[in-house]
Amino acid sequence: MKPNPKGILIAALILLLITSVISRFIPGEEPDMPEPAEKEERDEIIILPNTQKEAVIAMYNHWEKKLVKIPLEEYLVGVVAGEMPASFELEALKAQAVAARTLAVYQMPAYGGKGCSRHAGADVCSSYAHCQDWISLDHMRKNWGQNFEGNLNKIQHAVQETKGQIMTYEGKPIEVFYHSTSNGKTEEVSEVFSNSLPYYTTVDSTGEENAPMYEGSVTLKNSEFADKFHSRYGIRLDPNNLASQIQINSYTGSGRIREITVGGKRLRATEFRLLYGLNSTDITFIFGKDTITMKTKGFGHGVGMSQSGANYMAKQGYSYKDILLHYYRGVEIDHY
Ligand SMILES: [Zn+2]
């Protein structure tokens, strides 16, 4: 029998159509999607088209006083190692990795950022007092001794398992603040920094009472306290009567002091804290005969994620996404 070319062509076309329809329903053809979180829909990771996963960051290395370029994910290992104890729970380290990545991406001009304001040409600097902490492998080796490999492995894990993930609000990377330990509540951002941001509000941060930095205390001789105040503001306090010269004017919603009057001078508590090197603005004054003691609760400005609080949440079984969505309200976990 002579084959009919037209018939073969039609048959082939039908076969092609069937295969293409079937292949759309074959499982495993979808790109690798991370497991959606159980809690809420907003936890779901949206993978955005991303051509810059291997982004490189320009970091001013303040230890060596030079500008270096490092792959972003590698840079983050140094940040997490510098910013959070390696002994913390993996989920807390992962939350730290996402927070650190968000801060970096927020500053990178490639993503609309303005870079580090202190060092021309740098996206970030390695100073914890300015951008965020970063330490080298040698530094880690020195810090950790024989735990070096185990700790490094754990931190690399935290970075890799959150690769490319940042927090966004209305599609843009958020401005990230985090701190060591809270006083039980986080601080409203506008109480510390000038701007107000919708994703920062006072939230409870429980379980930190046993954190090593929860309680702090600075004791000075009355005369030392007065001298320090004089050298900064040019106002002489009577060292024999400090109690009557220090008044607390107002507290923030998180129980920290907002404003204080010392020797007739009204000050923001954040400024007062810096002058006396206090751990936080949750301050209780104890007036002795010759000394003044300033007891503090928490460590840091109190805005955003508390690292000790994150570790406590992780110990209770919360995931890094739960932790981030607790401290940064209304954000999404996206990819940069
Ligand atoms: Zn900087």
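Up top you'll find the structure we're talking about.
Quick caveat, the model's predicted, so the values are computed rather than measured. Position numbers for residues start from 1 in each chain and track the written sequence from start to end. With pLDDT at 70 or above as the cut-off, local features in this predicted model cover only qualifying residues; side-chain atom pairs require 80 or more to be listed or tallied, and sums for whole chains, interfaces and linings still use all residues. Excluding hydrogens and water, the side-chain figures rest on all heavy atoms present in the structure.

1. Examining the packing of helix 2 (residues 72-83) against helix 3 (residues 90-107)
Phase 1: Running from amino to carboxyl end, helix 2 crosses helix 3 at an angle of 120 degrees, the nearest separation of the two axes being 9 Å. Classified by the angle their axes make, helix 2 and helix 3 are oblique. Crossing of helix 2 over helix 3 shows right-handed handedness. Within the contact between the two elements, helix 2 uses Leu72, Glu73, Tyr75, Leu76, Val79, Val80 and Glu83 and helix 3 uses Leu93, Gln96, Ala97, Ala100, Arg101, Ala104 and Val105.
Phase 2: Only Asp, Glu, Lys and Arg are considered charged, only Ala, Val, Leu, Ile, Met, Phe, Trp, Tyr, Cys and Pro nonpolar, and every remaining residue, Gly among them, polar. When its residues are assigned to classes, the contact of helix 2 with helix 3 shows 10 nonpolar, one polar and three charged. Only C-alpha atoms enter the line fits that serve as axes; for helices the fit covers just the stretch in contact. Angles between N-to-C directions range over 0 to 180 degrees. Secondary structure follows DSSP: runs of H or I at least 4 residues long count as helices, runs of E at least 2 residues long count as strands, and numbering of each begins at the N terminus. To sort the angles, those under 35 degrees are grouped as roughly parallel, those over 145 as roughly antiparallel, those from 65 to 115 as roughly perpendicular, and the leftovers as oblique. When the near helix sits turned anticlockwise from the far one by under a right angle, the crossing is termed left-handed; a clockwise turn instead gives a right-handed crossing. Residue contacts follow a heavy-atom distance rule, with two residues in contact if any of their heavy atoms lie within 4.5 Å.

2. Side note on the sheet that holds strand 8 (residues 246-251)
Phase 1: Any two strands with at least two DSSP bridges between them are considered paired. Taken in spatial order, the three strands line up as 8-9-10 in an open sheet, and their pairing is antiparallel. Here the strands that pair on one side only, and so sit at the sheet edges, are strand 8 and strand 10 (265-268). On average, each strand axis in the sheet is inclined to that of its neighbour by 25 degrees, with strand direction left out of account.
Phase 2: Sheet contacts for helix 6 (residues 222-233): strand 8, strand 9 (257-262) and strand 10; angle to strand 10, the most-contacted strand, approximately 90 degrees.
Phase 3: Against the sheet, helix 7 (residues 269-276) contacts strand 9 and strand 10, and its axis sits at roughly 90 degrees relative to strand 10.

3. What to know about the coordination of the zinc ion
Phase 1: Taken together, Cys116 (SG), Cys125 (SG), His130 (ND1) and Cys131 (SG) make up the full set of protein donors to the zinc ion, lying 2.1 to 2.4 Å away.
Phase 2: Between the four donor atoms coordinating the zinc ion, the angles at the centre fall across 102 to 116 degrees, so the site counts as tetrahedral.
Phase 3: For Na, K and Ca the donor cutoff is 3.2 Å, while for all other metals N, O and S atoms count as donors only within 2.8 Å; water does not appear among the atoms, so some sites may look incomplete. Of note, the donors binding the zinc ion are all from one chain and are spaced C-x8-C-x4-H-C.
Phase 4: Each residue gets one of three labels from its accessible area relative to the maximum for its type: buried under 20%, exposed over 50%, partly exposed in between, using a 1.4 Å probe on protein chains only. Accessibility expressed as a relative area gives 1% for Cys125, which makes it buried.
Phase 5: Looking at His130, the relative accessible area reads 26%, which means it is partly exposed. Metal sites are grouped by the angles between bound donors: all angles between 85 and 135 degrees with four donors is tetrahedral, opposite donors over 155 degrees apart with the others between 65 and 115 is square planar for four donors and octahedral for six, and any other pattern is irregular.

4. Examining the pairing of strand 8
Phase 1: With five bridges connecting them, strand 8 and strand 9 associate as antiparallel partners. Bridging across to strand 9, Ile248 finds its partner in Ile260.
Phase 2: In this structure, the hairpin formed by strand 8 and strand 9 is closed by a connection of five residues, where Gly255 is found at a positive phi of approximately 90 degrees.

5. Focus on helix 8 (residues 307-315)
Phase 1: Among the nine residues in helix 8, seven count as buried, and that is most of the element.
Phase 2: Regarding helix 8, the residues found buried are Gln307, Ser308, Gly309, Ala310, Asn311, Met313 and Ala314.
Phase 3: Buried residues along helix 8 sit against helix 2, helix 3, strand 6 (178-179), strand 13 (305-306) and helix 9 (320-327).
Phase 4: One or two positions beyond helix 8, positive phi appears at Gly317, with a value near 100 degrees.

6. Comments concerning the pattern of salt bridges
Phase 1: Salt bridges are counted wherever a side-chain nitrogen of Lys or Arg sits within 4 Å of a carboxyl oxygen of Asp or Glu. What the rule picks out here adds up to 10 salt bridges.
Phase 2: For the salt bridge of Asp138 with Arg141, the shortest nitrogen-to-oxygen distance reads 2.9 Å. On the criterion of helical spacing, the pair formed by Asp138 and Arg141 is a turn pair, its members being three residues apart in helix 4 (residues 137-144).
Phase 3: You can call Asp138 exposed: its relative accessible area is 54%.
Phase 4: What you see here is one network of salt bridges that share partners, running through Glu91, Lys94 and Glu161.

7. Details of the pairing of strand 2 (residues 66-71)
Phase 1: Bridging between strand 1 (residues 56-61) and strand 2 involves six bridges; their strand directions are antiparallel. Paired with Asn61 across the two strands is Lys66, which belongs to strand 2.
Phase 2: Hairpin connection of strand 1 to strand 2: four residues between the antiparallel strands, including Lys65 at a positive phi of 55 degrees.

8. Considering the nonpolar core
Phase 1: Formed by 66 residues in total, the largest nonpolar core has its most connected members in Tyr75, Met167, Tyr200, Met305 and Tyr328.
Phase 2: Sorting elements by how many residues they give to this core places helix 3 first, with 10 residues.
Phase 3: Setting aside chain neighbours within four positions, we find Tyr328 in contact with Ala99, Met167, Ile174, Val176, Phe177, Tyr178, Tyr199, Tyr200, Gly304 and Met305.
Phase 4: Core analysis: the next-biggest nonpolar cluster, separate from the first, contains 21 residues, Leu220, Phe229, Ile260 and Ala269 among them. What is meant by a nonpolar core is a set of buried Ala, Val, Leu, Ile, Met, Phe, Trp, Tyr and Cys residues, joined one to another through side-chain atoms within 4.5 Å.

9. Focus: the sheet that holds strand 3 (residues 124-125)
Phase 1: Reading across from one edge, 2-1-3 is the order of the three strands in this open sheet, with mixed pairing throughout. Two strands lie at the open edges of the sheet, namely strand 2 and strand 3, each paired on one side alone.
Phase 2: The sheet strands contacting helix 2 are strand 1, strand 2 and strand 3, and the helix crosses strand 2 at an angle near 110 degrees.

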